[in-house]
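# A closer look at the structure
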Amino acid sequence: MFKKILIANRGEIAVRIIKTCRRMGIKTVQVYSEADAGSLAVEMADEAVLIGPAPAAQSYLLADKIVEAVRQTGAQAVHPGFGFLSENAGFARRLRDEGIAFIGPNPEAIEAMGDKISSKKLAAEAGVSTVPGHMGLIETPDEAVRIANEIGYPIMIKASAGGGGKGIRVAHSDADMAEGFAAVKAEALNAFGDDRVFLEKFIVDPRHIEIQVLGDKHGHVVHLFERECSIQRRNQKVIEEAPSPLLDEATRAAMGAQAVALAQAVNYDSAGTVEFVAGQDKSFYFLEMNTRLQVEHPVTELITGVDLVEQMIRSAWGETLAFEQKDLKIDGWAIESRIYAEDPYRGFLPSIGRLVRYEQPEEGDQGDYTVRNDSGVREGDEISMFYDPMIAKLCAWGETREAAVEGMARALEDTHLSGLGHNVPFLAAVMDQDRFKSGNLSTSYIKDEFPDGFHGLKPTRDQERILIASALAMHEVIAEQDGDPSDRTDWIVMIDKTPHGVGLSYDEDEEMILTLTGGGDIRLSDIDWRPGLAQFKAELDGEPFTAEVKRVADGFDIRHRAAKARVRVLRPHVAELYARLPEKVAADTSKMVLSPMPGLVVSIPVVVGQEVKTGETVAIIEAMKMQNILKAERDGVVKAVGAKDGDPVAADDVLVEFG
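In short, a report on the structure.

Reading the values: the criteria
By convention here, each chain's residues receive numbers from 1 onward along its written sequence. Side-chain atom pairs in this predicted model are given and counted only at pLDDT of 80 or more, local residue features only at pLDDT of at least 70, and totals for whole chains, interfaces and linings cover all residues. No hydrogens and no water enter the side-chain calculation; it runs on all heavy atoms of the structure. Secondary structure follows DSSP: runs of H or I at least 4 residues long count as helices, runs of E at least 2 residues long count as strands, and numbering of each begins at the N terminus. For this measure, only C-alpha atoms enter the radius of gyration; the expected value for a globule follows 2.2 Å times N^0.38, where N is the number of residues. Categorising residues by exposure relies on relative accessible area from a 1.4 Å probe, with only protein chains included: less than 20% of the type maximum marks a residue as buried, more than 50% marks it as exposed, and the intermediate range marks it as partly exposed. Should any heavy atoms of two residues lie within 4.5 Å, those residues are considered in contact. Surface accessibility in these figures is a Shrake-Rupley result with a 1.4 Å probe; residues are shielded only by whichever protein chains are displayed. In this tally, Lys and Arg are treated as positive and Asp and Glu as negative; His is ignored, and so are the chain termini. Charged groups are reduced to one reference atom each: NZ for lysine, CZ for arginine, CG for aspartic acid, CD for glutamic acid. Strands are treated as partners if at least two bridges between them are detected by DSSP. All axes here are fitted lines through C-alpha atoms, helices being fitted over the stretch that makes contact, and every angle between N-to-C directions spans 0 to 180 degrees. Expected helix span is given by 1.5 Å per residue-to-residue step, counting one fewer step than there are residues. Salt bridge criterion: a side-chain nitrogen from Lys or Arg within 4 Å of a carboxyl oxygen from Asp or Glu. Think of it this way: a Phe, Tyr or Trp ring, Trp meaning its six-membered ring, pairs with another when their centres are within 6.5 Å, and the plane angle makes it stacked under 30 degrees, edge-to-face over 60, tilted otherwise. Put simply, a charge is over a ring when the Lys NZ or the Arg CZ is close to the ring centre, within 6 Å, and near the line of the ring normal, within 35 degrees. Residues belong to one nonpolar core when they are buried, are Ala, Val, Leu, Ile, Met, Phe, Trp, Tyr or Cys, and are joined through side-chain atoms within 4.5 Å.

### Points about the overall build of the chain
Each helix and strand in the chain was counted, giving 17 helices and 40 strands. A globule of 659 residues ought to have a C-alpha radius of gyration of about 26 Å, and the chain, at 27 Å, matches this closely. Taking the principal axes of its C-alpha atoms as reference, the chain extends roughly 80 × 65 × 55 Å. By the burial criterion, 56% of the 659 residues in the chain qualify as buried. Put simply, of all contacts in the chain between residues at least 6 apart along the chain, 64% involve residues at least 24 apart. For the chain, the computed accessible surface area is about 27,000 Å², with 49% contributed by carbon and sulfur atoms. Separation between the mean location of the 72 positive side-chain charges and that of the 106 negative ones in the chain comes to 3 Å.

### Some points on the sheet that holds strand β25 (residues 490–495)
Reading around the barrel, the 8 strands line up as β25-β26-β27-β28-β29-β30-β31-β32 and close back on themselves, with antiparallel pairing between neighbours. The average angle at which neighbouring strand axes cross in this sheet is 35°, direction not considered. Where β25 meets strand β26 (residues 498–506), 6 bridges bridge the pair, whose relative direction is antiparallel. Note on β26: the bridge partner recorded for Ile495 is Thr498. Relative to the sheet, helix α12 (residues 401–413) contacts β29 (535–540), β30 (543–552) and β31 (555–560), its axis offset from that of β30 by approximately 30°. Seen against the sheet, helix α16 (residues 461–481) touches β25, β26, β27 (512–516), β28 (520–528), β29, β30, β31 and β32 (563–570) and runs at an angle of roughly 140° to β31.

### Observations regarding α12
Along its 13 residues, α12 runs 18 Å from first to last C-alpha, staying within 8% of the 18 Å computed at 1.5 Å per residue. Of all 13 residues making up α12, 10 are buried, and the element is well covered by its neighbours. Within the span of α12, buried status applies to Arg401, Ala404, Val405, Gly407, Met408, Ala409, Arg410, Ala411, Leu412 and Glu413.

### Here we look at the sheet that holds strand β21 (residues 370–375)
On the basis of which strands lie adjacent, the open sheet formed by 9 strands has the order β14-β13-β10-β11-β12-β15-β23-β21-β20 and antiparallel pairing. Across the chains shown, the open sheet's two edge strands, defined by having one partner strand only, are β14 (284–290) and β20 (364–365). Alignment of strand β10 (residues 207–215) against strand β11 (residues 221–233), held across 6 bridges, turns out to be antiparallel. Bridge assignment links Ile209 to a residue of β11, and that residue is Glu228.

### Regarding the pattern of salt bridges
Evaluated as defined, the whole model comprises 59 salt bridges. Put simply, Arg10 and Asp36 hold a salt bridge, and the shortest N to O gap is 2.7 Å. With a gap of 26 residues between them, Arg10 in the loop between β1 (4–7) and α1 (11–24) and Asp36 in the loop between β2 (27–33) and α2 (40–44) connect regions that are remote in the sequence. Where salt bridges share partners, they join Arg16, Arg23, Glu301, Asp307, Glu310, Arg314, Glu319, Arg372 and Asp374 into one cluster.

### As for the environment of Asp414
Along the chain, Asp414 falls in the loop between α12 and β24 (416–418). Exposure remark for Asp414: the relative accessible area of 14% places this residue in the buried category. Separated by 53 residues in the primary sequence, Asp414 and Pro361 have C-alpha atoms spaced 5.0 Å apart.

### Notes on the pairing of β32
Most of β32 sits inside the fold, with 6 of its 8 residues counted as buried. Both β25 and β32 contribute to a ladder of 4 bridges, which runs antiparallel. Paired with Met494 across the two strands is Arg568, which belongs to β32. The pairing of β31 with β32 spans 5 bridges and is classified as antiparallel. Counted as the bridge partner of Phe556 is Val567 from β32. Turn length for the β31-β32 hairpin, with the two strands adjacent in sequence and antiparallel, is 2 residues, and the turn residue Arg561 shows positive phi of about 55°.

### Side note on the packing of aromatic side chains
For the structure shown, the criterion picks out 12 aromatic pairs. Ring geometry for Tyr60 and Tyr387: centres 5.9 Å apart, planes at 75°, overall edge-to-face. Here Tyr387 lies in the loop between β22 (382–383) and β23 (390–398) and Tyr60 lies in the loop between β3 (47–52) and α3 (63–73), a separation of 327 residues in the sequence. Comparing Tyr60 with Tyr387, the two get one shared label, buried. Across the ring face of Phe436, the terminal group of Arg401 is positioned such that the distance to the ring centre comes to 4.8 Å. Over the face of the ring belonging to Tyr345 we find Lys564, whose NZ or CZ atom lies 3.9 Å from the ring centre.

### Some thoughts on the nonpolar core
For soluble globular proteins, the rule of thumb is that nonpolar side chains tend to be buried together. Of all hydrophobic cores here, the largest spans 40 residues; its most connected members are Ile239, Ile335, Ile391, Phe426, Met431 and Phe436. Elements that contribute at least two residues to this core include exactly β12 (236–242), β15 (333–340), β23, α12, α13 (424–432) and α15 (445–449). Per-element tally for this core: the top contributor is α13, with 7 residues. If near-sequence neighbours (up to four positions away) are discounted, Ile335 is found in contact with Ile239, Glu240, Glu241, Val299, Leu394, Cys395, Ala396, Ala404, Val405, Met408, Met431 and Phe436.

### Section: unusual backbone geometry
With an omega of 0°, the peptide bond running from Tyr153 to Pro154 counts as cis. You can see Pro154 is positioned in the loop between α7 (141–151) and β7 (155–163). Here the amide bond leading from Ala242 into Pro243 is cis, since omega sits at -5°, within 30 degrees of zero. Within the element layout of this structure, Pro243 appears in the loop between β12 and α9 (249–265). Phi is positive for Glu510, which is not a glycine, with a value near 65°. Within the fold, Glu510 resides in the loop between β26 and β27. In the Ramachandran plot, Asp541 falls in the positive-phi region, its phi being about 50° despite a non-glycine side chain. Among the secondary structure elements, Asp541 is positioned in the loop between β29 and β30.

Rendered as structure tokens:
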């Protein structure tokens, strides 16, 4: 077995690989950019080598730097993780020529399957169902528009060398196609160094289901069942689960057989994923094959008990698979939530910065569910604008899908981050939705359920009780600490502007009994909170919960899952006065185009004095390797331009102002 492996990646996947290598007794070398010098992966690895500045094109994407680090450290093999050089056939071939093992598939398989155009042709030859489209290269927007009209809208524009949700747009018209084609080519060139683009028919109301395959160098290939990845935003997976609530045994077997046949056709010899788009009627079509480890691989590991990183290492060493298809079975249900540094209340825009607080849920067996948290950052680390904004992959396993969903909801409750925007409230909202619980999913789920964006959810009746009980308990703790305990037994708890009458008493065990006006009694016990803590933990009528809390001048800001509110504990006569306070009027920014996120200005194609029509592009901002096109929301004349091409900008900086 290998004695030392170099990890040509960063963040949580690097940490994930290090953990398996430690268990196997293999030493690790971590390469890093200047931006990652103090990262968790660098701290955990046995050795670390600086390979360049922060931009990936000057560090993680440079094969020469990786090979040099291998030679410098005496590593025998390279694990590329996902992204960066993981699906670069030239890199895999270079390592083979240098006598360095590549922990991934052979370069011929990468070449055959990694290119989405050639892979569709090979899939069709192998008897795999494929989506209608144009597999030839397309050079100009005019050519793309012509072909799109032949196929028929809607059309998906995809980068041939793409992955991770990058370089994908859906066009519904000629205008969409012309603009989207140029944007996809630019994103693909920036992210992958390859601007080739192809088109395929977009399946309406589809589901995204993928099959995990695993092969060795002796011709053996198995599949480890499916993952459902339909909860997506901008074609970036957000929530994944295994198995899929759509599939029956017959469909699962058919998809698995096609995935294995395709892998065998290209002599696949590592972990890989065959992705399908599926109709609600269980019809399915080949999308692409990812010739690498997938971000969402933990859910497969949780339901099969197979460590995919270990199997990749063993295959690269030349070992035969230790199991056959008949040895594999599905055990329980697993869900993964990708926690991103992005603000769901601002259209999910990237929110880079420092993780001032990062409290993670306890991993392992939690009774009715099991928690796994793959994270590459710690409290105090910075989320850089140069890389994907992922903070963690939070997973929950349960014996049933219902148990896994509730386990995930509880694990999200126990996750606290501050210092930047994050999507934990949104993830919690999905877990609480009846549609998600029913398993009625599609890739348009987020657009369907949150058509006007995410603004949180209204508290349910049970959540109102949690908000009331948490606020009153914290109020009592603070009063006791300040030496000013009150003997009042009646309070008004205001949830935003809504008053709730509450009677307070204690039983013989000093547990709080809250009598709600018109709502009966509730019991609060096992309180775990003191001033300064950001999480309030307790049991409400015997059910454990965690709320995110912050003390403010006149009360508390409390969030439970997707419901958040300003909660005040008031004497009855004071509550009457609060009801009369005027609402604060927001500043008028209707004549300004503000930067929605920190990033770099790609271009501002307007000048002072120019007349602009509604819908015209006024700025393009790049962050996290994605280009964001900002358009005018009204007709107007440009009064001022606040930035120029190449400028760094912060969130809410004024880019363009209209007269």
